[in-house]
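Survey of secondary and tertiary structure
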Amino acid sequence: MEEEAVLHDTRHDLRAIWANRRGSAPALGETRGPAALQEQRSIYDQAVDEVMDRMAREHADLLSKDIIGDVYAQLRIKTLIAQYAQETRTVRLTQTEIDHVRRRCEGKMFLLGDLAEILNDPDVLEIQMVSTSGVQRATSRRRSRPYAEDPAVRFAPGTDPVKELQHFAGLYGTKLDASTPYATFMAGPWRVSIHIPPHVMHDFTLTMRRGVDDTNTPTREQLLAHGTVDETTLGLLYAIVDSFQTAVIFAPQRSGKTFLQTHLINHIDPNDGNTVLIQDIVEITPTVPVMSMYAVSRPESPIDMRTLSAWSLRESAVRVVVGEIRLWETVALMDTAQQGTGALATGHATSPLEMTHRLVDTYLHTTENITDAVAFRKVHSAIDFYIEMQRFEGPRRKESFRVRGIYELLPTEGVVTERDFRPIILYRHEGFDRKTGEEIGHHEVVNPLSPDKYEAMLLRSSYKVRVPEAVRPKEVATPTASPADDAGGGVESIELDLGEGTPE
């Protein structure tokens, strides 16, 4: 209880938060220290001190609010920080430097102080830190360069990283101490994972991954230009979503699954009906209107993933998007898909066979009185497609992401083999360009859709879906395309003459 009280107090006491830290503001009435130390500190440190000091002196009442839960308080704080950065008197700053100070101050307020600058850099996608016996090793992944050691990711000398992490977790309503040594939460766009002793042998570990939002979701043009897909592959992905099919995007970590999932969510036409997004924590933030729900862990009446999937059916949902499949998400995915609702989810696996095995294992773990054979049958009857992603790293450590395969799942009455998956499109890797380091390859249609699946896509979409011609089954007659279809719309449906002239 004592530790919780301390963490609670530091939320409202800026001086306690930044005490004994490099660049911290002095207590009121105190001098700033030796002149030599002052000269060593950058103009940014001095300007940040001035802004934070004004915030502490002039807006203690605002800072005492729940600045994470109160959207108005957040907006007000950001407005004041921008104003005070513009009015800084310690040093004269250019507009670029003022923006730099503003980002650092916002980071101190809402993120981790010593890491605020790098976390506010839009180029940074992920950071990882491991500290052992006081020695910090850190890596980062950026848009401009792949995963590599990064000396800029550091807690400053004199900072107690664990106390910083405890405060950070407390700020977002998550407990982190010896009794609860693991914390995961969303901090703005960042998905945070922290470990401290006793269950790790390190001082701490920290992983922060930038979520997908409208600032870093790839556009259609970017996916095509970067070679992630070609026109036919992207057309089939859109057709899967437009025809309310259930699909799982899978790959190992850091392979672009969530980026592709978010792009496909943003492709959804809100006029089709209600789309419900259910997650364990809020990670995906689409730009199209969706109904977002997330699990809530509490001692009494927890709101788990299965509960959310049941609730989603009461919302007239035509699609349910499940975040990342870990355990209970499998039940949520199966429950919704088996009742005729289109679904989209991501998971970790290295092949279609392994993806099915993982789904079956988690389904058996979370469902009572079910046999292996029934679990295999249910998975392959509920899910229509697997979408496989792959990450390539060239000789110059240049990253690229590809849709490696789109597979149709075939019905099964028991244990599955590779024959229970019908590859529709596969990616053929050809090598790397010697000059640029770019990955080289192409997407190839290896099989058409099965007639049953193609017909199901047409029926589920009321014959409005546009399936790329290259993957249509040859033996199935395609309904006559309407002018709207040529313009990117659907396929004209058949109308029956039920007029007054019908004989009795």
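Read on for a plain summary of the structure.

Within the protein chain, the secondary structure is distributed over 18 helices and 15 strands. Out of the 504 residues belonging to the protein chain, those deemed buried represent 49%. The long-range share in the protein chain, meaning contacts at least 24 apart out of those at least 6 apart in sequence, stands at 57%. When the accessible area of the protein chain is evaluated, it comes to approximately 25,000 Å², of which 51% is carbon and sulfur surface.

Moving on, we get to the packing of helix 6 (residues 71-86) against helix 7 (residues 95-110). Close contact between helix 6 and helix 7 brings their axes to 9 Å; oriented N to C, the two are set at 145 degrees. Crossing hand, helix 6 versus helix 7: right-handed. For the pair helix 6 and helix 7, the contacting residues are Gln74, Ile77, Lys78, Ile81, Ala82, Ala85 and Gln86 in the first and Gln95, Ile98, Val101, Arg102, Cys105, Glu106, Met109 and Phe110 in the second. Among the residues forming the contact of helix 6 with helix 7, the class breakdown is nine nonpolar, three polar and three charged.

Where burial is concerned, the two faces of strand 7 (residues 247-250) agree: the one with Ala247 and Ile249 and the one with Val248 and Phe250 are both buried. Relative to strand 11 (residues 342-347), strand 7 runs parallel, the two being bridged by four bridges. Bridge pairing links Ala247 to Leu344 in strand 11.

With that settled, consider the nonpolar core. Grouped together as the largest cluster of nonpolar side chains are 46 residues, with contacts concentrated most on Leu115 and Leu206. Sorting elements by how many residues they give to this core places helix 6 first, with six residues. In this view, Leu206 contacts Leu112, Leu115, Ile127, Gln128, Met129, Leu165, Val192, Ser193 and Ile194; residues no more than four positions away in its chain are not counted. Within the second largest apolar cluster, 38 residues are counted, among which are Val276, Ile303, Ala349 and Ala375.

Ordered in space as 3-2-1-6-5-4, the six strands form an open sheet in which the pairing is antiparallel. With one partner strand each, in any of the chains shown, strand 3 (148-149) and strand 4 (182-187) form the two edges of the open sheet. When strand 1 (residues 124-132) meets strand 6 (residues 204-210), the two strands line up antiparallel, connected through six bridges. Across the sheet, the residue bridging to Glu126 is Arg209, located in strand 6. Packing against the sheet, helix 9 (residues 161-171) makes contact with strand 2 (135-142), strand 4, strand 5 (190-195) and strand 6, and its axis sits at approximately 45 degrees to strand 6.

Bringing helix 15 (residues 352-366) into the picture now. With 15 residues, helix 15 extends 21 Å between its outermost C-alpha atoms, agreeing within 8% with the 21 Å of an ideal straight helix rising 1.5 Å per residue. Among the residues of helix 15, Pro352, Leu353, Met355, Thr356, Leu359, Val360, Thr362, Tyr363 and Thr366 are the ones counted as buried.

What follows is about empty space enclosed by the protein. Counting across every chain of the model gives four cavities of 30 Å³ or more. There is about 110 Å³ of room inside the largest cavity. In terms of lining, the largest cavity is formed by 14 residues, of which the most central are Val241, Gln245, Arg319, Ala343 and Leu344. Across the lining of the largest cavity, the residue classes tally to 11 nonpolar, two polar and one charged.

The full count for this structure, using the stated rule, is seven aromatic pairs. For the pair Phe168 and Phe185, a centre-to-centre distance of 5.4 Å together with 75 degrees between the ring planes defines the contact as edge-to-face. With a gap of 17 residues between them, Phe168 in helix 9 and Phe185 in strand 4 connect regions that are remote in the sequence. Seen from their ring centres, Phe392 and Tyr427 are 6.0 Å apart, and the 55 degrees between their planes marks the pair as tilted. Of this pair, Phe392 sits in strand 12 (residues 385-393) while Tyr427 sits in strand 14 (residues 421-432), and the two are 35 residues apart along the sequence. Across this residue pair, the class does not change: Phe392 and Tyr427 are buried.

This part covers the pattern of salt bridges. In the structure shown here, the tally under the stated rule is 15 salt bridges. Notably, a salt bridge pairs Arg54 with Glu87, separated by 3.1 Å at the nearest N-O pair. Remark: Glu87 occurs in the loop between helix 6 and helix 7 and Arg54 occurs in helix 4 (residues 43-58); sequence separation between them is 33 residues. Assessed through its relative accessible area of 18%, Arg54 is described here as buried. The partner of Arg142 in a salt bridge is Asp123, with the nearest N and O atoms 3.9 Å apart.

Okay, the environment of Val51 next. Among the secondary structure elements, Val51 is positioned in helix 4. In contact with Val51, other than residues within four places in its own chain, are Ile81, Tyr84, Ala85, Val101 and Cys105.

Below, the discussion takes up the sheet that holds strand 8 (residues 274-279). A sheet is described by the order of its strands in space; here nine strands give the open sequence 9-8-10-11-7-12-13-14-15, paired in mixed fashion. Each of the sheet's edge strands pairs with one partner strand only, and the pair in question is strand 9 (291-294) and strand 15 (439-445). Averaged over all adjacent pairs, the angle separating strand axes in this sheet is 20 degrees, with direction ignored. Across the sheet, helix 11 (residues 231-242) is in contact with strand 7, strand 10 (317-324), strand 12, strand 13 (399-409), strand 14 and strand 15; its angle to strand 13 comes to roughly 55 degrees. Strands in contact with helix 15 are strand 7, strand 11, strand 12, strand 13 and strand 14; relative to strand 12, the strand with the most contacts, it is inclined by about 120 degrees.

Position of Met129 among the secondary structure elements: in strand 1. Residue class for Met129 comes out buried when judged on its relative accessible area of 1%. Distance from Met129 to Ile194, taken between C-alpha atoms, is 9.6 Å for residues 65 residues apart in sequence.

What counts, and at which threshold
- Residues numbered from 1 in each chain as written.
- Predicted model: local features only at pLDDT ≥ 70, side-chain atom pairs only at ≥ 80, totals over all residues.
- Heavy atoms only, no water.
- Helix = DSSP H or I, 4+ residues; strand = E, 2+ residues; numbered from the N terminus.
- Buried < 20%, exposed > 50% of the residue type's maximum accessible area, 1.4 Å probe, protein only.
- Contact = heavy atoms within 4.5 Å.
- Areas by Shrake-Rupley, 256 points an atom, 1.4 Å probe, with all protein chains shown as cover.
- Axes fitted to C-alpha atoms, helices over the stretch in contact; angles between N-to-C directions.
- Left-handed = near helix turned anticlockwise from the far one by under 90°.
- Nonpolar A, V, L, I, M, F, W, Y, C, P; charged D, E, K, R; others polar.
- Pairing = 2+ DSSP bridges.
- Core = buried A, V, L, I, M, F, W, Y, C linked by side-chain atoms within 4.5 Å.
- Expected span 1.5 Å × (residues − 1).
- 1 Å grid on protein atoms, 1.4 Å probe; cavity = no way out; pocket = protein on both sides within 12 Å on 5 of 7 lines; lining within 4 Å.
- Points joined across faces, edges and corners; volume = space filled by probe spheres on them.
- Phe/Tyr/Trp six-rings, centres within 6.5 Å; stacked < 30°, edge-to-face > 60°.
- Salt bridge = Lys/Arg side-chain N within 4 Å of Asp/Glu carboxyl O.

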